[in-house]
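These are the residues of each chain, in order.
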Amino acid sequence: MKYILVTCKEALEKAGVILEDIDAIAVVNGPGLKGSLLVGLSFAKAIAFALNKPLIGVNHIEGHIYANFLDNKKIETPFISLIVSGGHTSLILVEEIGQHKVLGKTRDDAAGEVFDKIAKYLDLGYPGGPIIEKIALNGKKDAIIFPRPLTKTSNLDFSFSGLKTAVIYFVREKIKTKEKLQIENICASFQQAVIDTLIHKTLSAANKYNIKNIVIGGGVAANECLRKTMLETGKLNNIMVYFPSKELCTDNAAMIGVVGYYKLSKGFSDSFDLDVFTG
Ligand code: KG4
Ligand code: ZN
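Conventions used here
Residues numbered from 1 in each chain as written. Chains lettered and ligands numbered in written order. Predicted model: local features only at pLDDT ≥ 70, side-chain atom pairs only at ≥ 80, totals over all residues. Heavy atoms only, no water. Phe/Tyr/Trp six-rings, centres within 6.5 Å; stacked < 30°, edge-to-face > 60°. Helix = DSSP H or I, 4+ residues; strand = E, 2+ residues; numbered from the N terminus. Buried < 20%, exposed > 50% of the residue type's maximum accessible area, 1.4 Å probe, protein only. Expected span 1.5 Å × (residues − 1). Pairing = 2+ DSSP bridges. Right-handed = clockwise from strand over helix to strand, strands pointing away. Axes fitted to C-alpha atoms, helices over the stretch in contact; angles between N-to-C directions. Left-handed = near helix turned anticlockwise from the far one by under 90°. Contact = heavy atoms within 4.5 Å. Core = buried A, V, L, I, M, F, W, Y, C linked by side-chain atoms within 4.5 Å. Donors = N, O, S within 2.8 Å, 3.2 Å for Na, K, Ca; no water.

A. Looking closely at the packing of aromatic side chains. Overall, the coordinates contain nine aromatic pairs when judged by the stated rule. With a centroid separation of 6.0 Å and an interplanar angle of 55°, the aromatic rings of Tyr66 and Tyr262 are classed as tilted. Here the residue Tyr66 occupies a position in helix α3 (residues 60-66), and Tyr262 occupies one in helix α10 (residues 253-265), the gap between them amounting to 196 residues. Judged by its relative accessible area of 2%, Tyr66 falls in the buried class. Note on Tyr261 and Tyr262: the rings are 5.5 Å apart at their centroids and 65° apart in plane angle, and the pair reads as edge-to-face. Looking at Tyr261, the relative accessible area reads 55%, which means it is exposed. A network of ring pairs unites the aromatic residues Tyr66, Phe69, Phe79, Tyr261 and Tyr262 as a single cluster.

Laid out in structure tokens, this is it:
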């Protein structure tokens, strides 16, 4: 234990962190993969113990929501938050800071996951989102009409596995008939199907709850086409739409620090019994 504490202190000092400036240690304790969460949480506990500072557990999804506050301090509650990452696709009603109600989530693949899986299937590389976005720039978004899953239902859940299968079947058929694969058109049409679905559901949530602010976050929120279309849709519907800057969309430590800050300013901290949660 003593060795861990000394190592933590040394590591922080080497990174140029002035220990006296730290008010608390915020750490993600879920949702996610148990092993990696445990590594992070144990390290955070050791630092908090060594520095005698409060320990604050942060929900990863909350981090993505509140990343927006690093760029926009004026976001007003209530707002609808759409979190689109590699592990999550969720619509959340935030009535007040820290008060969340999940309105809908994906029943299978997350939006980022489906970008990654399609890119893998097409042998394009990883992570799929930025690669597909780049290739899609040279394609036609209406070249192929892929399904917009669950957009004809009134519930606010998502499902992307059917869209993934539709793309795979389309490609298989082209290979079978020896037709040329127009990867640019496939990427642009697939990307558009994801974007249309995300925007349709988010707008439905805003209309259903009569909310005038939408806050987006997560890796997929870095997608320029999603950003542009969502901002245009907001303008048309008299709704304020917020995105974090692109570097704050994908996983980052600053977004966890923001949630830690809000919790600390409300006097909240966790005990050293804090555990991880996976789902
Ligand atoms: O939030 P994040 O960094 O990690 C998770 O919490 O999962 O999100 C990573 C996901 C990946 O699936 C990646 O393909 C996707 O975000 N992503 C994008 C873009 N940049 C990252 N998806 C679409 N367009 C992008 N530009
Ligand atoms: Zn994330």
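After that view of the structure, there is still more to cover.
B. Examining helix α2 (residues 34-51) more closely. The end-to-end C-alpha separation of α2 is 26 Å, in line with the 26 Å expected for 18 residues at 1.5 Å each. Those residues of α2 that fall on the buried side of the exposure criterion are Leu37, Leu41, Ala44, Lys45, Ala46, Ile47, Ala48 and Leu51. Note on α2: the residue one or two positions beyond its end, Asn52, has a positive phi of about 60°.

C. Seen up close, the pairing of strand β1 (residues 25-30). Of all six residues making up β1, five are buried, and the element is well covered by its neighbours. Of the pairings in the sheet, the one linking β1 to strand β2 (residues 55-59) comprises five bridges and is parallel in character. Across the sheet, the residue bridging to Ile25 is Leu55, located in β2. Read from β1 through α2 to β2, the crossover connection turns out right-handed.

D. Structural detail: the pairing of strand β5 (residues 99-105). With six bridges connecting them, strand β4 (residues 89-96) and β5 associate as antiparallel partners. Within β5, the position partnered with Glu96 by the bridge is Gln99. In this antiparallel pair of consecutive strands, β4 and β5, the connection spans two residues, and Gly98 shows a positive phi of 90°.

E. Focus on the packing of helix α8 (residues 183-208) against helix α9 (residues 224-236). Across the interface, α8 lies against α9 with an axial gap of 10 Å and an inter-helix angle of 35°. Two packed elements cross with a definite hand, and for α8 against α9 that hand is right-handed. Within the contact between the two elements, α8 uses Gln191, Gln192, Ile195, Leu198, Ile199, Thr202 and Leu203 and α9 uses Cys225, Leu226, Thr229, Met230 and Thr233.

F. Representation of the environment of Glu133 in the model. Relative to the elements of secondary structure, Glu133 occurs in helix α6 (residues 128-136). You can call Glu133 buried: its relative accessible area is 18%. For the pair Glu133 and Glu10, spaced 123 residues apart in sequence, the C-alpha to C-alpha distance is 41 Å.

G. Just the nonpolar core, in detail. Ranked by internal contacts, the top residues of the largest apolar core, which has 48 residues, are Ile80, Phe190, Val194, Leu198 and Ile216. When residues in this core are grouped by element, the largest group, 13 residues, is from α8. When residues no more than four places from it in sequence are discounted, the contact partners of Leu198 are Leu82, Val84, Thr89, Ala111, Phe158, Phe160 and Leu226.

H. Quick look at the sheet that holds strand β3 (residues 79-84). Taken in spatial order, the five strands make up an open sheet running β5-β4-β3-β6-β7, and their pairing is mixed. Every other strand in the sheet has two partners, leaving β5 and β7 (240-242) as the edge strands with one partner each. When strand polarity is set aside, the average angle formed by the axes of neighbouring strands in this sheet is 20°. Across the sheet, α8 lies against β3, β4, β5 and β6 (213-217), angled at about 155° from β3, the strand it touches most.

I. Expanded view of the coordination of the zinc ion (ligand 2). In this structure, His60 (NE2), His64 (NE2) and Asp251 (OD) serve as the protein donors to the zinc ion (ligand 2), at separations of 2.0 to 2.1 Å. Sequence positions of the donors to the zinc ion (ligand 2) reduce to the motif H-x3-H-x186-D. Pair noted here: His60 is in helix α3 and Asp251 is in the loop between β7 and α10, with a separation of 191 residues, a long-range link.

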